[in-house]
Structures are given as structure tokens and as C-alpha cells.
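Each chain, letter by letter, is given below.
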Amino acid sequence: KQEVTQIPAALSVPEGENLVLNCSFTDSAIYNLQWFRQDPGKGLTSLLLIQSSQREQTSGRLNASLDKSSGRSTLYIAASQPGDSATYLCAVKTGANNLFFGTGTRLTVIP
Amino acid sequence: DTAVSQTPKYLVTQMGNDKSIKCEQNLGHDTMYWYKQDSKKFLKIMFSYNNKELIINETVPNRFSPKSPDKAHLNLHINSLELGDSAVYFCASSQLAGIYNEQFFGPGTRLTVL
């Protein structure tokens, strides 16, 4: 059974710092991995999608990496801003076409 | 234009009632999903529905029944609501075929059972 874990559960950083969020999964038989952002009381916004054959994806200040064999992914956020404050979720897609979500990391960027 | 929309956004009801949540996507996708986010913010798949094939998650009580009148809609009907059904329910969609299969989520429906 696929289990997805995110560490840390919460993170506070001063504005301008670079930071890394971690995601690990137990079953490496995945199709892809997706990083989402969820703002309080809101839906999910897809940030980056990495196919199982890829090692990283970049979008603006965000860079996501994937090491499928070790069951790990990281989301790197450069030059953090207060507007980056949100909960970040990683999710892996399995053969059943379902997404298994991690427990989330709540990020607070302090002005 | 909203890609994946859900109605209602908030739903408050009494235990034992039957209620439905509607979901529509205008992305032309052929696969739709329902997820439940519990009080601990953990998101878990409930159902995925590809065209005419419904894939049921075994942990979902049979009080929950998805209904798809067409490819663009997947509604969730819940019978005999219980306190533990209180959660945020998210609808999502994706293309089954193709290399990307990115899932797009609706804004969620916050269900409160009293």
C-alpha cells in the first residue's frame, strides 16, 4: 500500500530565504508525482508535475526533483515571499490512476 | 472560466439526511475523481470514474454513491449522513490518455453534519 510522508509538518522562514520541502513515498511504482499548494479554506492549485521518467521540473522560483528509486521528492522554493505561505502537498499517481497524498507541510514566510 | 467547479461550496445538514454535491469540468477530460479531506487535512481518494467505468475505493461506505450523467459531470450522493462524514470534498479531473495526466481540482465543498 502506498504511503506518502512529508517532512517537516510545519516550517517558518524569514522572507527571502531559500527552502526545501521533502516528500517520501513507499512504493516506487508510480506514474508521476505532483506538488500542490492549498491556501486556508481554498482548493488545491497544481504547482509542478514530474513524470516518473523525469528527474526535475522548474517553474519560476520553484524546482521539484524526483528520485523514484529511493522514493523521494523535494520542492525547492527560492527567495521565499510572504505570498508563498500555504500548505504544500505532494501526491503520487499509481497504476489505478489515483493520487495518494502526503500529509502536507504548512509553510509560513515571515515578512 | 472555471475549469473544475463544485456546488455547493458549503453544506450544513442534520445527521440522517441525504445530500448531493455536484461537480462539473469544462476541460474535456474523460476521468473524474472525488477526494475527501478530513479534519487533519489529509486528502484521500474516494472514487475515480473514467467514462462509463467506476472504480470504487473499498474503504468508502456504500452510503456514498457517485453518479455521472455525462463525461463532464460527476456528482456525489450521500445517504444517511453521519457525523464522521463532515469533511471537505474535492472533485478533480484529468485526461486518462497522454503522458501528463495532471489532475485539476475543484474549490471543494465543506460538508458539516450536525
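Since the model is a prediction, treat every value here as computed from it, not as a measurement. (Residues numbered from 1 in each chain as written. Chains lettered and ligands numbered in written order. Predicted model: local features only at pLDDT ≥ 70, side-chain atom pairs only at ≥ 80, totals over all residues. Heavy atoms only, no water.)

Asks: Mind laying out the overall build of chain B, listing which residues take part and the relevant values?
Replies: From N to C terminus, chain B includes zero helices and eleven strands. In chain B, the succession of helices and strands from N to C terminus is β-β-β-β-β-β-β-β-β-β-β. Since a compact globule built from 114 residues should have a radius of gyration of about 13 Å, the 13 Å found for chain B is in line with a globular shape. Per-residue burial for chain B yields a buried fraction of 44% across its 114 residues. Looking at chain B alone, contacts between residues at least 24 apart form 56% of all its contacts between residues at least 6 apart. Roughly 6,000 Å² of accessible area belongs to chain B as shown, and the carbon and sulfur atoms make up 53% of that amount. Each charge class in chain B was averaged separately, 12 positive and 11 negative side chains, and the resulting centres sit 6 Å apart. (Helix = DSSP H or I, 4+ residues; strand = E, 2+ residues; numbered from the N terminus. Rg over C-alpha atoms; globule rule 2.2 N^0.38 Å. Buried < 20%, exposed > 50% of the residue type's maximum accessible area, 1.4 Å probe, protein only. Contact = heavy atoms within 4.5 Å. Areas by Shrake-Rupley, 256 points an atom, 1.4 Å probe, with all protein chains shown as cover. Lys, Arg positive; Asp, Glu negative; His and termini not counted. Charge placed at Lys NZ, Arg CZ, Asp CG, Glu CD.)

Asks: Report on the interface of chain B and chain A, specifying residues and quantitative values.
Replies: Counting from both sides, the interface comprises 21 residues of chain B and, opposite them, 20 residues of chain A. Interface area, chain B with chain A, both sides summed: about 1,600 Å², of which 50% is carbon and sulfur. At the surface where chain B touches chain A, the tally comes to zero salt bridges. Connecting chain B to chain A are four residue pairs in polar contact (both at pLDDT 80 or more). (Buried area = accessible area lost by both parts, 1.4 Å probe. Salt bridge = Lys/Arg side-chain N within 4 Å of Asp/Glu carboxyl O. Polar contact = N/O pair within 3.5 Å; in protein donor to acceptor, adjacent residues only side chain to side chain.)

Asks: Could you give me a rundown of the environment of N26(B), with the residues and numbers involved?
Replies: Mapped onto the secondary structure, N26(B) falls in the loop between β3 (19-25) and β4 (31-37). Taking C-alpha positions, N26(B) is 9.6 Å from S93(B), a pair spaced 67 residues apart along the chain.

Asks: I'd like to hear about the sheet that holds strand β7 (residues 62-67) of chain A, residue by residue, with values.
Replies: Residue and element names in this part refer to chain A. Pairing is antiparallel across the open sheet formed by five strands, whose spatial order is β1-β3-β8-β7-β6. Two strands bound the open sheet, and with one partner strand each, they are β1 (4-7) and β6 (56-59). Shown here is a sheet whose adjacent strand axes are inclined to one another by a mean of 15°, direction ignored. (Pairing = 2+ DSSP bridges. Axes fitted to C-alpha atoms, helices over the stretch in contact; angles between N-to-C directions.)

Asks: Describe the nonpolar core, naming the residues involved and giving the relevant values.
Replies: With 22 residues, the main nonpolar core has F25(A), L33(A), W35(A), L75(A), I77(A), Y88(A) and L107(A) as its most contacted residues. If near-sequence neighbours (up to four positions away) are discounted, L33(A) is found in contact with C23(A), F25(A), L48(A), L49(A), I50(A), L66(A), S73(A), C90(A), A91(A) and V92(A). With 20 residues, the next largest nonpolar core counts I21(B), M32(B), M46(B) and Y89(B) among its residues. (Core = buried A, V, L, I, M, F, W, Y, C linked by side-chain atoms within 4.5 Å.)

Asks: Give a description of the state of the cysteines that names residues and reports values.
Replies: In the structure shown here, the tally under the stated rule is two disulfides over all chains. Here C23(A) engages in a disulfide with C90(A); their sulfurs sit 1.9 Å apart. The sign of the S-S torsion, about 75°, decides the handedness of the disulfide formed by C23(A) and C90(A): right-handed. One end of the pair, C23(A), is in strand β3 (residues 19-25); the other, C90(A), is in strand β9 (residues 86-93), with 67 residues separating them in the sequence. Covalently, C23(B) is tied to C91(B) through a disulfide, its sulfur atoms 1.8 Å apart. Residues C23(B) and C91(B) share a disulfide whose torsion about the S-S bond is about -75°; that sign makes it left-handed. Of this pair, C23(B) sits in strand β3 while C91(B) is found in strand β9 (residues 87-94), placing the two residues 68 residues apart along the sequence. (Disulfide = S-S within 2.5 Å.)

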